[in-house]
Amino acid sequence: MTGWRTLFYKEVLRFWKVSFQTVAAPVLTAMLYLLIFGHVLEDHVTVYRDVGYTSFLIPGLVMMSVLQNAFANSSSSLIQSKITGNLVFLLVSPLSHRAWFVAYVGASMVRGLSVGLGVLIVTVWFAPLRLAEPWWVLVFALLGAGMLGALGLIAGLWAEKFDQMAAFQNFLIMPMTFLAGVFYSVHSLPAFWQAASHLNPFFYMVDGFRRGFFGASDVSPWLSLTVVAASLAVVSAIALHLLRTGYKLRL
Amino acid sequence: MLAAIRFDDVSKAFRGTRGSVQALAGVSFDIETGEFFGLLGPNGAGKTTLISILAGLAKASSGRVSVLGHDVVADYAAARRALGIVPQELVFDPFFTVREALRIQSGYFGVRDNDAWIGELLDGLGLGDKAGANMRQLSGGMKRRVLVAQALVHKPPVIVLDEPTAGVDVELRQTLWQFVSRLNKQGHTVLLTTHYLEEAEALCGRIAMLKQGRVVALDRTSNLLAGTASTMLRFKTDDALPAAVAAQARVTGRIVQVRAHDAAEVETVLQRLRVAGVRIEDLEIGRADLEDVFLEIMHGKPRGVGAVA
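Numbering of residues starts from 1 in each chain and follows the order in which that chain's sequence is written. Chains carry letters from A onward and ligands carry numbers from 1 onward, assigned in written order. Under the rules for a predicted model, residues below a pLDDT of 70 receive no local features and side-chain atom pairs below 80 are neither given nor counted, while totals for whole chains, interfaces and linings still include all residues.

**Structural notes on the overall build of chain B**
Thinking step 1. Per the secondary structure count, chain B includes twelve helices and 14 strands.
Thinking step 2. Along the three orthogonal principal directions, the C-alpha set of chain B runs to about 75 × 45 × 45 Å.
Thinking step 3. Three classes are used. A residue is buried when 20 or more other C-beta atoms lie within 10 Å of its own, exposed when 12 or fewer do, and partly exposed in between, with C-beta atoms placed from the backbone. When burial is assessed residue by residue, chain B has 42% of its 309 residues classed as buried.
Thinking step 4. Throughout, a residue-residue contact means that the two C-beta atoms, derived from backbone geometry, are no farther apart than 7 Å. Intrachain contacts of chain B at a sequence separation of at least 6 include 71% that bridge at least 24 residues. Helix and strand definitions here come from DSSP, where helices need a minimum of 4 consecutive H or I residues and strands a minimum of 2 consecutive E residues; each element is numbered from the N-terminal end.

Below you can see the structure in the form of structure tokens.
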């Protein structure tokens, strides 16, 4: 194995060696959300006809886990390597900025999708779930994981300290995922917050992903696909530019 | 002949909160293929900045650097393949074992099926029984050996060691120098920065000295020593030294050290001691430390640069 494949393999091996923390822990967290919210709200909230609240919640939790863990993988790997100094092994290598991008984002997608699959496997027993339009499930899972992997790359390059990284995660990633309609349909929000939600690209990822399960969504899956693909393109272009210019890497 | 490393008018300014700091100011010199070259200078002279620009860890403000003719910016992939860097900091990736770290590093450089050479490196550096150990479990000296192995894993023709023996035990220093000397004899070019000047004297054919971002001396190690008071006279005495000798002597308790340029000057000193009736014991005549030469050059004028540049 050589070139970007080596870096990809190293990045996958890195999280896999501590999979109890990087895969099992987020699966448990998602299950707790499901048990608590599902139990409390099952009889009080109806989003789509014939879809119980717990069923509605499962795809949202799966997608939230995919997004958060894809982000966590590239961002934490980079910041750790920067702070401990072992990024030098990569910096002195002949790998191109494209190789870095493909490897870091690819490994982030593997982590995000592994956790997402884990969440699906443990939650699917709690409520009936269909796969009405499965291709949307696949498309939005892949694009969402890719976008958050690239966003994590940008955060990892930008942050110089762990608290800066925590700020990025707590003040940007967490609010955007929680306000993306994971726990509710945006149609249940007041008009202003409905409009605000439509500015959040994470909303389209969750909505498009859920469409694959229920065949129903808040907006057209094609609109979601356009927004998500455009977001991925913008974030990737920024990440590639930062890598090419050696932003905060090559002084 | 194609230079192994060429620094061509390299300058570097770091912009900080208190204005700009000029780390390098127009550094130019070549290191020929097969040389064992020493880069010396006090802390803050710009040695590590120069190495960082060579390795692609930093960008020069102006000027060019090439490795075997490959520009380190425009043709970075070829330049980095030709280069093996042992970094100054003791860094490691805590997720992997020694063998995993070396296999990963091989992969970055596009080297397939490298286990035979990895085995050779592990044995040569005394790491044979640590191959399966996690990096976290190794002592500082062992981690340093792994750093050397990582730098050599792609068999680079040009090897750069940035103060590799700082804080390292005697055994490792010897293992390391035997290993690097063997590589040099096999044709590898070696660039070494070090604070241990006796190392540079013993190993390096040529030396460049940096001071405040400029080359202040560049010559063969033997020439640098020849042009200075490089002979050292050491003896013990309880008597007072004559004024003429005392003026050029360094006295530590009973031990007296006098530096001289040549044999005639040694003879003059001994004669003055005889005339003054000074009784001396344990007389030794040896080479002066490169450190003394270094200090003399650092406090004096640039030398040797014009002739070579």
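The discussion continues.
**Examining the overall build of chain A**
Thinking step 1. A count of helices and strands for chain A gives ten helices and zero strands.
Thinking step 2. The helix and strand sequence of chain A, counted from the amino end, reads α-α-α-α-α-α-α-α-α-α.
Thinking step 3. The globule rule used for comparison is 2.2 Å times the number of residues to the exponent 0.38, while the radius of gyration itself is calculated over C-alpha atoms. The C-alpha atoms of chain A give 18 Å as radius of gyration, which agrees with the globular expectation for 251 residues (18 Å, within 12%).
Thinking step 4. For the C-alpha atoms alone, the extent of chain A along its principal axes is close to 60 × 35 × 35 Å.
Thinking step 5. In chain A, which comprises 251 residues, the share counted as buried stands at 49%.
Thinking step 6. Summarising the internal contacts of chain A: among those between residues at least 6 apart in sequence, 83% fall at separations of at least 24.

**Details of helix H9 (residues 201-214) of chain A**
Every α-helix winds through 3.6 residues per turn, so residues three or four apart in the chain are directed the same way.
Residue and element names in this part refer to chain A.
Thinking step 1. With 14 residues, H9 extends 20 Å from end C-alpha to end C-alpha; this agrees with the ideal 20 Å at 1.5 Å per step.
Thinking step 2. The buried fraction of H9 is high, at 13 of 14 residues.
Thinking step 3. Immediately downstream of H9, the backbone of Gly215 shows phi near 70°, a positive value. Each helix should span, by expectation, one fewer than its residue count multiplied by 1.5 Å.

**Quick notes on the interface of chain B and chain A**
Thinking step 1. Listed per partner, the contact involves 25 residues of chain B and 22 residues of chain A.
Thinking step 2. Where the side of chain B that touches chain A is concerned, the elements lending two or more residues are helix H2 (76-81) and helix H3 (98-108) of chain B.
Thinking step 3. A class-by-class count of the residues in the side of chain B that touches chain A yields 14 nonpolar, five polar and six charged. Three classes are used, and their members are as follows: Ala, Val, Leu, Ile, Met, Phe, Trp, Tyr, Cys and Pro are nonpolar, Asp, Glu, Lys and Arg are charged, and the others, Gly among them, are polar.

**With respect to the pairing of strand S12 (residues 249-252) of chain B**
Residues and elements named next belong to chain B.
Thinking step 1. The rule for pairing is simple: two strands pair if DSSP sees at least two bridges between them. For S12 and strand S13 (residues 255-260), the ladder comprises four bridges, and the chain directions are antiparallel. Residue pairing across strands places Ala249 opposite Val258, the latter belonging to S13.
Thinking step 2. Taken together, S12 and the strand that follows it, S13, pair antiparallel across an intervening segment of two residues, in which Gly253 is found at a positive phi of about 65°.

**Let's talk about the packing of helix H1 (residues 4-17) of chain A against H3 of chain B**
Thinking step 1. Every axis corresponds to a line fitted to the C-alpha atoms, with the helix fit spanning only the stretch in contact, and the corresponding angles, defined between N-to-C directions, vary from 0 to 180 degrees. Between H1 of chain A and H3 of chain B, whose axes approach to 7 Å, the crossing angle comes to 145°. In this structure, H1 of chain A crosses over H3 of chain B, and the sense of that crossing is left-handed. Across the interface between the two elements, Thr6, Leu7 and Lys10 of chain A from H1 of chain A touch Ile104, Gly107 and Tyr108 of chain B from H3 of chain B. With the far helix as reference, a near helix turned anticlockwise by less than a right angle produces a left-handed crossing, and one turned clockwise produces a right-handed crossing.

**Topic: helix H10 (residues 221-245) of chain A**
Residues and elements named next belong to chain A.
Thinking step 1. For H10, built from 25 residues, the straight-helix expectation of 36 Å at 1.5 Å per residue is met to within 8% by its first-to-last C-alpha distance of 36 Å.
Thinking step 2. In the core, the buried residues of H10 are packed alongside helix H5 (97-123), helix H6 (134-158) and H9.
Thinking step 3. Gly246 lies just past H10 and shows a positive phi near 70°.

**Points about the environment of Ile173 of chain A**
Residue and element names in this part refer to chain A.
Thinking step 1. Tracing the backbone shows Ile173 in helix H7 (residues 162-178).
Thinking step 2. Judged by local crowding, Ile173 falls into the buried class, with 20 C-beta atoms found within 10 Å.
Thinking step 3. Contacts of Ile173, omitting those with residues within four sequence positions, involve Gln68, Phe71 and Phe168.

**Some remarks on the sheet that holds strand S4 (residues 62-67) of chain B**
All names here are of chain B.
Thinking step 1. The strand order across the open sheet built from four strands is S2-S1-S4-S5, with neighbouring strands paired in antiparallel fashion. The sheet is open, and its two edges are formed by strand S2 (19-32) and strand S5 (70-71), each paired on a single side.
Thinking step 2. Sheet topology note: the S4/S5 ladder contains two bridges and is antiparallel. Bridge pairing in S5 places Ser66 opposite Asp71.
Thinking step 3. Sitting on the sheet, helix H1 (residues 47-55) touches strand S1 (3-16), S2 and S4, and the angle it makes with S1 is about 115°.

**Section: the domain arrangement of chain B**
Thinking step 1. Per the domain assignment, the segments making up chain B are domain 1 (3-225) and domain 2 (231-287).
Thinking step 2. Here the bounds of each domain stem from an automatic or database domain assignment. Spacing between the C-alpha centres of domain 1 of chain B and domain 2 of chain B amounts to 41 Å.

**Considerations on unusual backbone geometry**
All names here are of chain B.
Thinking step 1. Even without being a glycine, Asp113 presents a positive backbone phi close to 45°.
Thinking step 2. Tracing the sequence through the fold places Asp113 in the loop between H3 and helix H4 (115-124).
Thinking step 3. Even without glycine at this site, Gln212 takes up a positive phi of about 45°.
Thinking step 4. If you trace the backbone, Gln212 turns up in the loop between strand S9 (206-211) and strand S10 (214-220).

**Let's talk about the sheet that holds strand S8 (residues 189-193) of chain B**
Residue and element names in this part refer to chain B.
Thinking step 1. Strands sit in the order S6-S7-S8-S3-S9-S10 across an open sheet of six strands; the sheet is mixed. Edge positions in the sheet fall to strand S6 (83-86) and S10, since each of these pairs with one other strand and no more. In this sheet, adjacent strand axes meet at a mean angle of 15° when their direction is disregarded.
Thinking step 2. Strand direction decides the pairing type here: strand S7 (residues 158-162) and S8, joined by five bridges, are parallel. Counterpart to Asp162 in the pairing with S8 is Thr193.
Thinking step 3. The strands that helix H5 (residues 140-152) touches are S6 and S7; relative to S6, the one it contacts most, it runs at about 170°.

**A few points about the pairing of S1 of chain B**
All names here are of chain B.
Thinking step 1. As paired elements, S1 and S2 share ten bridges and run antiparallel to each other. Bridge pairing links Ala3 to Glu32 in S2.
Thinking step 2. In this antiparallel pair of consecutive strands, S1 and S2, the connection spans two residues.
Thinking step 3. Pairing of S1 with S4, which is carried by five bridges, proceeds in the antiparallel orientation. Residue pairing across strands places Phe7 opposite Val65, the latter belonging to S4.

**Considering the nonpolar core**
Thinking step 1. Remark: nonpolar core denotes a set of buried Ala, Val, Leu, Ile, Met, Phe, Trp, Tyr and Cys residues whose joining runs through C-beta atoms within 7 Å. Met205 of chain A together with Ala149 and Val160 of chain B are the most contacted members of the largest nonpolar core, which has 153 residues in total.
Thinking step 2. Apart from the residues lying within four places of it in its own chain, the contact partners of Ala149 of chain B are Leu102, Leu121, Leu122, Leu125 and Leu127 of chain B.
Thinking step 3. In terms of nonpolar packing, the next biggest core, distinct from the first, is built from seven residues, Phe235, Val256, Val258 and Leu273 of chain B among them.

**Quick notes on the environment of Glu163 of chain B**
All names here are of chain B.
Thinking step 1. With respect to the secondary-structure elements, Glu163 resides in the loop between S7 and helix H6 (170-185).
Thinking step 2. A residue is classified by how many C-beta atoms lie within 10 Å of it, and Glu163, with 20 of them, is buried.
Thinking step 3. Taking the C-alpha atoms as reference points, Glu163 and Gly69, 94 residues apart in sequence, are found 25 Å from one another.
Thinking step 4. When residues no more than four places from it in sequence are discounted, the contact partners of Glu163 are Gln88, Thr193, Thr194 and His195.

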